[in-house]
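Here are the chains, one letter per residue:
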Amino acid sequence: MRALSCLLALAISGAAAAQEVPCGGDFQTFKAGLRDEAVAMGHDPQVARRFLSGARQDPRVLRRDRAQGIFQTPFIEFSRKLISQDRLDRGRALSQRWDEVFDRIERDYGISRGVLLAFWAFETDYGAFQGDFNTLNALVTLAHDCRRPEIFRPQIFAAMELYARGDFDPATTTGAWAGEIGMVQMLPRDILENGMDGDGDGHVTLKTSAPDALLSGAKMLSELGWRHGEPWLQEVVLPAGMDWSLTGLETTMSVAEWERLGVRAREGALDDGRLEASILLPQGRGGPSFIAYPNFRVYFEWNQSFTYVMTAAYFAARLEGASVYDPGNPDPGLSGEQMLALQRALDAKGYDVGGIDGILGAGTRSAVRDLQTRLGLPADGWPTTELLNML
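One structure accompanies this document, and this report is about it. For clarity, every value in this text was computed on a predicted model and none was experimentally measured.

1. So, the pattern of salt bridges
1) Next: For the structure on display, the rule yields 22 salt bridges.
2) Next: With a closest N to O distance of 2.9 Å, Arg266 and Glu235 form a salt bridge. Here Glu235 lies in strand 3 (residues 233–237) and Arg266 lies in the loop between strand 5 (264–265) and strand 6 (276–280), a separation of 31 residues in the sequence.
3) Next: Among the charged side chains, a network of salt bridges with common partners joins Asp86, Arg87, Arg90 and Asp125.

2. Notes on the pairing of strand 6
1) Next: With four of its five residues buried, strand 6 lies for the most part within the structure.
2) Next: Strand direction decides the pairing type here: strand 4 (residues 253–254) and strand 6, joined by two bridges, are antiparallel. Following the sheet pairing, Ser254 is matched in strand 6 by Glu276.
3) Next: Bridge count between strand 6 and strand 7 (residues 290–292): three bridges; the pairing is antiparallel. The partner of Ile279 across the bridge, within strand 7, is Ile291.

3. Looking at the state of the cysteines
As used in these notes, a disulfide is a covalent bond between sulfur atoms, one from each of two cysteines.
1) Next: A full pass over the atoms with the stated rule returns one disulfide.
2) Next: Linked covalently through their sulfurs, Cys23 and Cys146 form a disulfide whose S-S length is 2.2 Å. In this structure, the disulfide formed by Cys23 and Cys146 twists by about 110 degrees around the S-S bond and is classed as right-handed. You can see Cys23 sitting in the loop between helix 1 (15–19) and helix 2 (27–40) and its partner Cys146 sitting in the loop between helix 9 (135–144) and helix 10 (149–164), a full 123 residues away along the chain.
3) Next: With relative accessibility at 25%, the residue Cys23 sits in the partly exposed group.

4. Considering unusual backbone geometry
Note: most peptide bonds trans; most residues except glycine with negative phi.
1) Next: A positive phi angle is found at Tyr126, which is not glycine, with a value near 60 degrees.
2) Next: For Tyr126, the position within the fold is in the loop between helix 8 (113–124) and strand 1 (133–134).
3) Next: A positive phi angle is found at Gln185, which is not glycine, with a value near 55 degrees.
4) Next: Topologically, Gln185 is positioned in the loop between strand 2 (174–175) and helix 11 (188–194).
5) Next: Overall, the relative accessible area of 0% leaves Gln185 in the buried class.

5. Some words on helix 3 (residues 45–53)
1) Next: Listed as buried for helix 3 are Val47, Ala48, Phe51 and Leu52. End-on, the buried residues of helix 3 take up no more than an arc of 110 degrees, which puts them together on one face.
2) Next: Residues of helix 3 that are buried make contact with helix 2, helix 9 and helix 10.
3) Next: Taking the backbone nitrogen of Gln46 as reference, a side-chain oxygen 2.8 Å away marks Asp44 as the first, capping residue of helix 3.

6. Thoughts on the side chain of Gln185
1) Next: Here the side chain of Gln185 touches Gln130 through a polar contact of 3.5 Å, landing on its backbone oxygen.
2) Next: At 2.6 Å, the side chain of Gln185 forms a polar contact with the backbone oxygen of Gly182.

7. Structural notes on the sheet that holds strand 7
1) Next: Reading across the sheet, the five strands line up as 4-6-7-3-5 and stay open at both edges, with antiparallel pairing between neighbours. Strand pairing shows two members of the sheet lacking a second neighbour, strand 4 and strand 5, which therefore form its edges.
2) Next: Strand direction decides the pairing type here: strand 3 and strand 7, joined by three bridges, are antiparallel. Residue pairing for strand 7: Leu233 is matched across the bridge by Ala292.
3) Next: Of the strands in this sheet, strand 3, strand 6 and strand 7 touch helix 15 (residues 306–319), which is tilted by about 90 degrees from strand 3.

8. Observations concerning the packing of helix 6 (residues 85–97) against helix 8
1) Next: Contact geometry for helix 6 and helix 8: axes closest at 10 Å, N-to-C directions at 125 degrees. Taken together, the axes of helix 6 and helix 8 are oblique relative to one another. Where helix 6 crosses over helix 8, the two elements pack in a sense that is right-handed. Residues Arg87, Gly91, Leu94 and Ser95 of helix 6 pack against Arg113, Leu117, Trp120, Ala121 and Phe122 of helix 8.
2) Next: Residues belonging to the contact of helix 6 with helix 8 are distributed by class as follows: five nonpolar, two polar and two charged.

9. Some thoughts on the packing of helix 7 (residues 99–109) against helix 8
Axes are the key here: two packed helices are described by the angle between their axes and the distance separating the axes.
1) Next: Contact geometry for helix 7 and helix 8: axes closest at 9 Å, N-to-C directions at 120 degrees. The angle between the axes of helix 7 and helix 8 places the two elements in the oblique class. Of the residues in helix 8, those in contact with Asp99, Phe102, Asp103, Ile105 and Glu106 of helix 7 are Arg113, Leu116 and Leu117.
2) Next: Here the contact of helix 7 with helix 8 is composed, by residue class, of four nonpolar, no polar and four charged.

So, how was this worked out
Residues numbered from 1 in each chain as written. Predicted model: local features only at pLDDT ≥ 70, side-chain atom pairs only at ≥ 80, totals over all residues. Heavy atoms only, no water. Salt bridge = Lys/Arg side-chain N within 4 Å of Asp/Glu carboxyl O. Helix = DSSP H or I, 4+ residues; strand = E, 2+ residues; numbered from the N terminus. Buried < 20%, exposed > 50% of the residue type's maximum accessible area, 1.4 Å probe, protein only. Pairing = 2+ DSSP bridges. Disulfide = S-S within 2.5 Å. Arc of directions from axis to C-beta. Contact = heavy atoms within 4.5 Å. Polar contact = N/O pair within 3.5 Å; in protein donor to acceptor, adjacent residues only side chain to side chain. Axes fitted to C-alpha atoms, helices over the stretch in contact; angles between N-to-C directions. Parallel < 35°, antiparallel > 145°, perpendicular 65-115°, else oblique. Left-handed = near helix turned anticlockwise from the far one by under 90°. Nonpolar A, V, L, I, M, F, W, Y, C, P; charged D, E, K, R; others polar.

See below:
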């Protein structure tokens, strides 16, 4: 299963931003504008012409862009779908196969191998399926579409630079529907900025070279702010009488402070008491609970889906030996239609839910937690039919 990666889940869709970037209109005129802008940026006119000559719109891309319902799935169900014994076994086997590469990543970037293995697994099933969309067509289609042209138009020029270097064929380069390429799915601009020639052949080939893909992904995570050698996520046991309003990404305290409140690691011990951390309840106080360290927030620079991020971070811990989480007994969540109704009600009350999309993301969770506090309910950020009915 291909997960939505990198900038795709960004909610940068404000009308003002879109109006500043050319989009829409006659497609051939749009392509001519791309060529003119490329030349103005310093690209060779003949290179720009050849690169864009065969670009076509792909209606399949727009259909996929508007159908991202998988991120409406709750964490427990989502994680059970994505994490299988087969994926665990293959991940551990690949860890051994590319041991020297992972050692280099851990030495140079301080990123544990489980983190990269989890992305590799979720993005392309360890490289088995990297997407069959023509990358240039995908990027041009999304740049022409006026939903988020400010994200995708720069990626076209980055791909053009890769083409000029001999590392991108506009006719044959394929990948995800949103323009990501390779085993860990990186956009052209990310490849330009963070691409690594891990196998020493003089090229960055993320589709066929595991060393190139893994090292490039590690460099990108490092550039996004990964803190060398620090943890990211750990399952915890919470004390009786926990103040649920303290949970969520909005609240951070030192690990030592959480320990004084009675938070304990389910296995082993919590990390350095000086680290700032948050307590996360992906399905409310009745479900599993985790402590999220600073590196957890870097995951949102890769993908902004809360459910994806939680699952990827948890799978990374599993690959490094953590046990299966305790699912607990969470209250039933809302259906997609109910979530939309909740978001509309919250929006009407002035809350910023990050878009009315039926997805329980960080913005909606924060709004729910605040409303629960106002209504005298346990403020765990997990919306229920009780809360919806009260609205």
